[in-house]
Amino acid sequence: MKVAYSPCPNDTFVFHALAHGLVPGAPDLDVTFADVDVTNTSAATGEYDLVKVSYAALPWLLDSYRLLPCGGALGRGCGPLVVTRPGVTPRTVAVPGDRTTAYLLFRLWAQTEYQITVVPFHEIMPGVAAGKWDAGLVIHEARFTYQEHGLVALADLGEWWEGETGLPIPLGAILAHRDRVDPERAAEWVRASVRHAWAYPAASQDYVMAHAQELSPDVAAQHIDLYVNEFTEDLGEEGYAAIEALLGRASAAGLIPECSVR
């Protein structure tokens, strides 16, 4: 089964058991590691059987894929940050992809027109620190490391979203290809992999750190604790409500096409 997910600690933690043949009855995986802005684009070609994408990309993908109720990233206190140098009034902003949830949230939040540049995620904080852009939209482990670049947080978009809606923030989704994967079986495999990761956290440590892009073990552990939660095991009604609120608001604002996730 061709699978694509990011090298971020939450994804490698979640998929460790499935990728290593530790889930009974699951097929062998052919894994591609790619940042979510890459998988958002490649999923549109139907390249993968199972793929991690941004919730913001769903309107362009649900004709070919079904949303799984597990394995993704959705929670509280885990939203994207807008970071900048101290004392700067931002006019230019670097973002990690035009169909990322982070950028969709930014567009819902922004009251000002900004000059936007799409760049690889790992270039954003160094580029903002060097003055290449006034601000950057960052995700994942950057919540724990932006101060190391001398940057300050201008806005926490997850905090803004929770204040606006009272709902958790949907970030990354797991999709199964409609023509090639039974979504119920795939959900069972992914959920079993999540539960194995929780039951044996040390088992995945080498796999996580091998792909953690030079993060320290402490930061990787913080990353996992924040992004792997009850919604990773099952979206539940609150999770689906959060997804529908995000996509519904964005559609009403004319930012994305309408879509149904159930």
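Conventions and cut-offs
Residues numbered from 1 in each chain as written. Predicted model: local features only at pLDDT ≥ 70, side-chain atom pairs only at ≥ 80, totals over all residues. Heavy atoms only, no water. Salt bridge = Lys/Arg side-chain N within 4 Å of Asp/Glu carboxyl O. Helix = DSSP H or I, 4+ residues; strand = E, 2+ residues; numbered from the N terminus. Buried < 20%, exposed > 50% of the residue type's maximum accessible area, 1.4 Å probe, protein only. Polar contact = N/O pair within 3.5 Å; in protein donor to acceptor, adjacent residues only side chain to side chain. Contact = heavy atoms within 4.5 Å. Phe/Tyr/Trp six-rings, centres within 6.5 Å; stacked < 30°, edge-to-face > 60°. Lys NZ or Arg CZ within 6 Å of the ring centre and 35° of its normal. Arc of directions from axis to C-beta. Axes fitted to C-alpha atoms, helices over the stretch in contact; angles between N-to-C directions. Parallel < 35°, antiparallel > 145°, perpendicular 65-115°, else oblique. Left-handed = near helix turned anticlockwise from the far one by under 90°. Nonpolar A, V, L, I, M, F, W, Y, C, P; charged D, E, K, R; others polar.

Draft legend 1. Focus on the pattern of salt bridges. Summed over all chains, the structure comprises 10 salt bridges. Salt-bridge contacts for Glu 238 lead to Arg 76; the nearest nitrogen and oxygen are separated by 2.6 Å. Placement of the pair is Glu 238 in helix α11 (residues 236–252) and Arg 76 in the loop between β5 (73–75) and β6 (81–84), with a sequence separation of 162 residues. Judged by its relative accessible area of 36%, Glu 238 is partly exposed. On the basis of relative accessible area, Arg 76 is assigned to the partly exposed category, the value being 37%. It is possible to trace a salt-bridge network through shared partners that takes in Arg 76, Glu 162 and Glu 238.

Draft legend 2. Layout of the side chain of Asn 229. By secondary structure assignment, the location of Asn 229 is in the loop between α9 (217–227) and α10 (230–233). A distance of 2.9 Å separates a polar side-chain atom of Asn 229 from the backbone nitrogen of Phe 231. Asn 229 has contacts with Leu 74, Gly 75 and Trp 198, leaving out every residue within four places of it along the chain.

Draft legend 3. Summary view of the packing of aromatic side chains. Summed over the entire model, instances satisfying the criterion amount to six aromatic pairs. Ring geometry for Phe 106 against Tyr 114: centres 5.5 Å apart, planes inclined by 55°, an arrangement best described as tilted. Taking the relative accessible area as the measure of exposure, Phe 106 reaches 3% and is therefore buried. Clustering of aromatic rings is evident, with ring pairs tying together Tyr 5, Phe 15, Phe 33 and Tyr 207. Lying over the aromatic face of Trp 60, Arg 99 brings its terminal NZ or CZ to 3.9 Å of the ring centre.

Draft legend 4. Expanded view of helix α6 (residues 157–165). Within α6 the residues assigned to the buried category are Leu 157, Gly 158, Trp 161 and Glu 162. The buried residues of α6 occupy one face: seen down the axis, they fall within an arc of 135°. Facing away from the buried surface of α6 by more than 90 degrees, the exposed residues are Glu 159 and Gly 163. Backbone nitrogen of Gly 158 and a side-chain oxygen of the N-cap are separated by 3.0 Å at the start of α6; the cap is Asp 156.

Draft legend 5. How the structure looks around the packing of helix α3 (residues 101–109) against α6. Here α3 crosses α6 at 60°, and the two axes come no closer than 10 Å. In terms of their interaxial angle, α3 and α6 are classed as oblique. Taken as a pair, α3 and α6 cross one another with a handedness that is left-handed. Residues Ala 102, Leu 105, Phe 106, Leu 108 and Trp 109 of α3 form the contact with α6, whose own contacting residues are Leu 157, Trp 160 and Trp 161. Across the contact of α3 with α6, the residue classes tally to eight nonpolar, no polar and no charged.

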